[in-house]
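Given next are the chains, with one letter for each unit.
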Amino acid sequence: MKMYSEWASMSPKTETLGADSILSKFSNQVSSEVVAQVAKQLYNAILTGGKSSPGEERQVKTHQDVVWCMEVLNQGLDSSSDPGHVKDCVWIYCDWLTSLLPIPKAGIPSVVVQDPVRYGPLILKGLFKIFSPRKDLAPEKQAVFCHRVLRTIQTVAAESVSLASSVWHSVLMFLLAICDSLLSPPCQPDDLGGQMCERLLSALFEVWLLACAKSFPSPPQWKTLNELCQKLRHRPELIDVWNRCIVGLIRKLLPNLYGPDFPVPTPGTGNVDQQIIVSAQMSEDSLIQSWYRILHCIGNPCDLVQPSLIAQTQTFLQYAFLSQEVVEPSQHPCLSALPRIFLKAIRTVAFVSDSFLGLKTSQIDSKSFSNSGVVTTKDITTLPPVRRPTKSFSGMPSPSFTSTRVPPSSPLLNFITSNNQQSTSPRLEHEIGSQAPEFKPTVALTLHHPLRPKCATLLHLVGEWLFEAAIVGCAAHLSSNKYGSTGNLRRPGSSNDRRVFMQTSASESDTPVTPPGLVIERFDLGRAEALGALCRIVCSKKTGEEIPSVYLARFCLAVQQALKSSEGRNSPEVVSCFLLNAADLFRLDLDGINMLLSPVIDTLELILYPNSPNKSSSFNSPEIRRSCIQILISLLPLPLHFQGLPVRDMSHTLQSRSFGQYWKKLWALICASILNEVDWNNILLLLGAIFSSSADFQALEQRGAPAFSVGMFGADSDSYSNHSLSTTDYSIPEEPSENGDSPMSSIQTHSGSYDSAGLVAMVAATTICQRLISAWKTEVTVTVAVLETLDGLARLSIHKKGSSEAQKVVKSLCELIIWQCSRPPPAHSKDLHSAIVAAFQCLGSWLSPALLNEPECLSVVLEVIELGISGSTSHSSTGQPQVFKHEKLCKPVSLRVRDAAETLLYIVVELVDYFPSVLGASHIGSLLNEETLAARCGSSVSPKDFRYFATESGTILSLLEEPLGNHQDPQPTVTLVLRNPRGRFVWTMQHRQLSRHSSALRGPPPNPGLPLPLTNDLPPIETTPRCFPEVCDLAPEFLVDKSIPSCETVVQDIEDFDILNRLVEQQTLYEKHEIERRALESNERKQCQPPLPCTDFQAARLILSHLGMVTFSGKSEGLPEEIVPLDSEEVFVDLNQIDSFACRNVDTAFLLYVRTGQSTSQEILGNLNSFDSLDEQFLPFVNSLGWKNKSKLGDKRTRYWADATYELKFVLPDDSYQELVESSIDSSTSSKSGTSGTPVESQTLIVWLECFEDSLNFPTGSLIRRLYSSHPVSEVSTNATVIFIHPLRSGLLRIKLVGPSSKWATAPPLLDGHILSKRAVGTVLRQAVLHNARKRRLLFDNHQSPFARRKQKLLEILSRHRSPFVHTSLFHHPNTKKEDIII
């Protein structure tokens, strides 16, 4: 390494370790006897704790005595000595080493205890011999002695208080020497090095870390360690121990660098299996230096790809010279483990980058993948199957990786327009399949930490290794020619070298054969891991962070090489690891990333299209397909956004294409995936992509952008419209298969006509419907998601009215409802009924006047409504006789289903082609009530003048018999205010003899032509009034004439007779006085005048009679049972209360603005005090959500949107905002009214982020408690959905969705990670809020719809205000008291 280039290595000095004894000059018998006696006595002294036997004194008292004893013990450790003495000598030396501890063992010579620094290095030199291979000891027995020595050294290093630097130097050099001696030779079966490898390396690194904490090693020692590790890279155990050491240092380093809150890797998860404990005494500077130096001690991990480089050591050369089987050092069998070692090394490097990113990973089974998009390759203990052996081109020490087989090239095909798909050779397909081992990756459990370092910092640290490892064996790696000859790096069967090899002479057939385990495909797992780590680093880019262009260029090159298919196939491991880690790649503001558009789309086609040639079986994993779909979703807005902007290709071999020309490919991929996908998580992603893309297409088509028609599929790629990048490019709303056709055939039929938004949406809708009926209807979650998507497509208003495709959709929905309702009773559940309700709601969105004009379509819809309301249909398909509706028993599937069916009936009868009314979409009914109508009539009329009636079904009628101030045209007028569960409606009716038009034409003539009065007055003729003519007096009387008795003869009660006489007398006097008054008047006669029109009518009985609610003849005279008069004096108060009940579902979403770095609710709410300093895109975005409605909402801080069944309010609260609790959406109102269910309102926050990372610190709980203060505390923040929106530099918007964890929490149309255009964001967000509200209501059985709440309240008013009046009340003014009526 460059950091040690100016320092000399201490490796030669390690050769001098190991001391020779003077006894080696004597015979083995003599030396053995001396060793036996001395070792026995010294060992017994230690066993007895230094106590001498009676008459025996200790003899080891001076330095000379200790030196002589060490000479004897060294001879005992020599390989030529008796193996029986080895144990005693080892035990003696290990006990003597404890003199370096604060409390040494008893029985050690006092000289050694007094000066342990002097004797410690000498003891280590003697113990070096025990680590030399011995023929007289079995490796297993010798390993026991070695373990004892290593354990003692580790104890001394850990428990010693203060060791001299010389002792530390000796200890480290001793460990380096024994590792070099045992582990540097090639691996051999059953040798001591193989048994002790991991133990030796663990001891070396543990003691080394202790030395870093207590006596930091010198640069020469670091260089010696570096050279030793590079000599031992053929040992897999080195990488394992190195990994554990890195884990321990990382766990200690991260809290020191980023604080205690920064996540640290947890042992037992992900790559963190074990760790080496780092001393707590290590200072921060020593920790940083140790971690950095140990990270680089093995050199460049990419060197492991070069067997010739790894084998360029003295021990490998010596083995090659002595071996008859190994021709070259690089052909040693132990080097077959290099691919596995390379994978482990790259995984450790990837672990370092993941740790600094704050990622927590966990190893999971391939069947339980998550969609986090962060996956790495699990450690593979067995190598995958290999290809045929390959041979090198020459006798050079560096072998070649060129294959002897030439497979036919089969480039990726265009699966959209071409039908001539080439088939894959069975042999090639078999070999490709055998190349891909099963993945057991690790998945990230957390997101990137906000305190993580910059991407450039990590790339400075490990980028060089990862970039090189990611292109191992590729053309870009070969062109670098870093290691001289590039032949040993070429991929077998790739590029032109394959043909060169086929032309080699026969003499070259004798060249050394490359081992099967070293073909370049073996290193694909490590290459995949490196590319995955690079993707995770790049995808962790923060808002506003800049990645150096040189790193982005190298990253794009690595991805391009990974996705490149030079021999007709892709490396399944590399492609899979890229896809699983690159879900966010196109969601970031990465410069130049669009250059990867073409290879990425080709890869998506390879995986998502069924039966793709050269497709590996590992690509069929649902997790890999999910990652492909996530990338596809992020690519969908690009063609419609950039349109004619050209895309630069990295290969420079393809003709430049525009973004718009990729639309057809991407949409065909979506449709093909939805037809073949079986994983329901992937289906939800595809459904969301279909809706958002259709909404964007429709918005672009409505705006009529000129660049769309030219640059979308046309040849003019230079016609690019800057209009798509405008900050004001938002769509502002204004108030206002049975025949057996395959959906894929529809896609192919219209493949050249994707420039019509209506056609695109209808093809998607019919495709979804067929899949729903054929495969998805049994899965409730998918069914509800599909219905939400279809509902959204219907709300786009892009389906052709009355088209055959729309009829197919309606019939499919009806078929789904019939199938769901007809399921057996055990299958009925809350979820199933929720799906039926969702189907009725979706069906209501698809109805249009043109569809209802089709008799067949209308019949099917009405039959489904009948099924929902009554539980059965009149037309039976089983041959049973028809049952008329009035004869059926109503047994609906559930009350919720019945309410949904009644709502659909209301839509069919009242709303289709009649909504919105003249009042706009903001209002369903009339704004008038009794107070406003009475004010129109004048001060003499009050709400008490209304007549109030109710029906048993829950309808209240208010009748006013006043002309509403229309005195110029007095007619019998009735104003009717009708309140029912659907709202309040007002009509005014006049009873006229002729229509207004006929009355105007046949009015009274101005001069009726009456005769003139006579001028001569004639004497008045006096006559006597008679009851009968005079001729009757001439007729004789008969007895029958006396059949009617006189009053005097029949009156029994004298009081009644007196009353009658008084009345007659009063009438007689009145007539007499009237005659006298007239006689006193002038005798002039006045001309007759027509009477004035009548202005006082009691016409209420007339309108009720016309409505069939009351009759006055026959047996049914009086009021029918269903009509009940109400007390007008008290009912009006309750009517005001019911008017406050909403007729539609009302939901509120709050819009918030978060500046960079803000994390408190007060700061966030304060941003909206003034709109002047906000992002210029924010207000156009707000306006795209709805319109201002001053009559309903009041100020500029609210946007309103409504349709026939739903109302949405988007509120921009400031720091002084207080929630206005409306009775229509307040649960307390329902409880006071005695309702059993409470209305459920969704809690939705739409947050505009200047910095995307601020979503991690967003105060959701405090804001929800502040904005939804009327909700119970238990519901606050637990059911909240937060939609984060972050504007990208490209002009697109990135979405992050955080919501409650439930089975229906993530579903279309808006999903986490969506990229939306400004044109479609308003439509998609509105549909998302509606979907969130509907899903929340479907989860509650006790939720009451507005229809049910109003109906229950109406029935309560009916029961409370029933009036006992009889029908005669219709003949007098409503304020007339009963005692004033004359009978």
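One structure accompanies this document, and this report is about it. Everything quoted here is computed from the prediction, not taken from an experiment.

### So, the environment of Asp1215
Then step 1. Mapping Asp1215 onto the fold places it in the loop between strand S15 (1206-1211) and helix H46 (1227-1232).
Then step 2. For the pair Asp1215 and Leu1168, spaced 47 residues apart in sequence, the C-alpha separation works out to 7.8 Å.
Then step 3. Sequence-distant contacts of Asp1215, defined by excluding residues within four places in its chain, comprise Gln1162, Leu1165, Gly1166, Asn1169 and Arg1266.

### Concerning the pattern of salt bridges
Then step 1. Tallied over the full model, the rule gives 36 salt bridges.
Then step 2. In this structure, the salt-bridge partner of Arg1289 is Glu546, at a minimum N-O distance of 3.9 Å. Like Arg1289, the residue Glu546 is exposed in the burial classification.
Then step 3. Note that Arg587 and Asp584 form a salt bridge whose closest N and O atoms lie 2.6 Å from each other.
Then step 4. On the accessibility criterion, Arg587 (7% relative accessible area) is buried.

### Focus: the packing of aromatic side chains
Then step 1. The tally for this structure, following the rule as stated, stands at 23 aromatic pairs.
Then step 2. Taking 5.1 Å as the distance between ring centres and 80° as the angle between the ring planes, the aromatic pair formed by Trp663 and Phe697 counts as edge-to-face. A residue pair is termed long-range when its members are at least 10 positions apart, and Trp663 in helix H26 (residues 663-676) and Phe697 in helix H27 (residues 680-703) qualify at 34 residues. Taken individually, Trp663 and Phe697 each receive the classification buried, so the pair is uniform in this respect.
Then step 3. Grouped by ring-pair contacts, the aromatic residues Tyr258, Phe262, Trp291, Tyr292 and Phe356 constitute a single cluster.
Then step 4. It is Lys87 that lies over the ring of Trp91; its NZ or CZ is 5.7 Å from the centre.
Then step 5. Sitting over the ring of Tyr1206, Arg1334 keeps its end group 5.2 Å from the ring centre.

### Concerning the environment of Ser812
Then step 1. Along the polypeptide, Ser812 turns up in helix H32 (residues 804-821).
Then step 2. What makes Ser812 buried here is its relative accessible area of 8%.
Then step 3. Considered as a pair, Ser812 and Gln770 are 42 residues apart in the sequence and their alpha carbons are 7.7 Å apart.
Then step 4. Dropping the residues within four chain positions of it, Ser812 is found in contact with Cys769 and Ile773.

### Overview of the nonpolar core
Then step 1. Trp96, Leu585, Trp846 and Phe1181 are the most contacted members of the largest nonpolar core, which totals 324 residues.
Then step 2. When residues of this core are assigned to their parent elements, the largest contribution, 15 residues, is made by helix H9 (residues 192-214).
Then step 3. With 21 residues, the next largest nonpolar core counts Ala934, Val941, Leu1354 and Leu1358 among its residues.

### Quick word on the sheet that holds strand S11 (residues 983-990)
Then step 1. The strand order S11-S10-S9-S8-S12 describes an open sheet built from 5 strands, whose pairing is antiparallel. Each edge of the open sheet is held by one strand with a lone partner, namely S11 and strand S12 (1123-1126). Taken over all neighbouring pairs, the strand axes of this sheet differ in orientation by 25° on average, direction set aside.
Then step 2. Sheet analysis places strand S8 (residues 947-951) next to strand S9 (residues 955-960), joined by 5 bridges and oriented antiparallel. Looking across to S9, one finds that Phe949 is bridged to Leu957.
Then step 3. Against the sheet, helix H37 (residues 930-937) engages S8, S9, strand S10 (973-980) and S11, with an angle of about 165° to S10.

### Section: the packing of helix H31 (residues 780-795) against helix H48 (residues 1318-1338)
Then step 1. Where H31 contacts H48, the axes come no closer than 11 Å and their chain directions differ by 140°. In terms of their interaxial angle, H31 and H48 are classed as oblique. Remark: the crossing between H31 and H48 carries right-handed chirality. Across the interface between the two elements, Val784, Glu788, Asp791, Gly792 and Arg795 of H31 pack against Gln1327, Leu1330, His1331, Arg1334 and Lys1335 of H48.
Then step 2. Per-class residue counts for the contact of H31 with H48 are 2 nonpolar, 3 polar and 5 charged.

### With respect to the sheet that holds strand S16 (residues 1243-1249)
Then step 1. Reading across from one edge, S14-S15-S13-S16-S17-S18-S19 is the order of the 7 strands in this open sheet, with mixed pairing throughout. Two strands lie at the open edges of the sheet, namely strand S14 (1198-1202) and strand S19 (1315-1316), each paired on one side alone.
Then step 2. Bridging between S16 and strand S17 (residues 1280-1287) involves 6 bridges; their strand directions are parallel. Bridged to Thr1244 within S17 is Thr1281.
Then step 3. Most of the contacts of H48 go to S15, to which it runs at about 115°, and overall it touches strand S13 (1145-1154), S14, S15, S16, S17, strand S18 (1293-1298) and S19.

Basis of the calculations
- Residues numbered from 1 in each chain as written.
- Predicted model: local features only at pLDDT ≥ 70, side-chain atom pairs only at ≥ 80, totals over all residues.
- Heavy atoms only, no water.
- Helix = DSSP H or I, 4+ residues; strand = E, 2+ residues; numbered from the N terminus.
- Contact = heavy atoms within 4.5 Å.
- Salt bridge = Lys/Arg side-chain N within 4 Å of Asp/Glu carboxyl O.
- Buried < 20%, exposed > 50% of the residue type's maximum accessible area, 1.4 Å probe, protein only.
- Phe/Tyr/Trp six-rings, centres within 6.5 Å; stacked < 30°, edge-to-face > 60°.
- Lys NZ or Arg CZ within 6 Å of the ring centre and 35° of its normal.
- Core = buried A, V, L, I, M, F, W, Y, C linked by side-chain atoms within 4.5 Å.
- Pairing = 2+ DSSP bridges.
- Axes fitted to C-alpha atoms, helices over the stretch in contact; angles between N-to-C directions.
- Parallel < 35°, antiparallel > 145°, perpendicular 65-115°, else oblique.
- Left-handed = near helix turned anticlockwise from the far one by under 90°.
- Nonpolar A, V, L, I, M, F, W, Y, C, P; charged D, E, K, R; others polar.

From the geometry alone we can't say anything about function, so treat these as descriptive.
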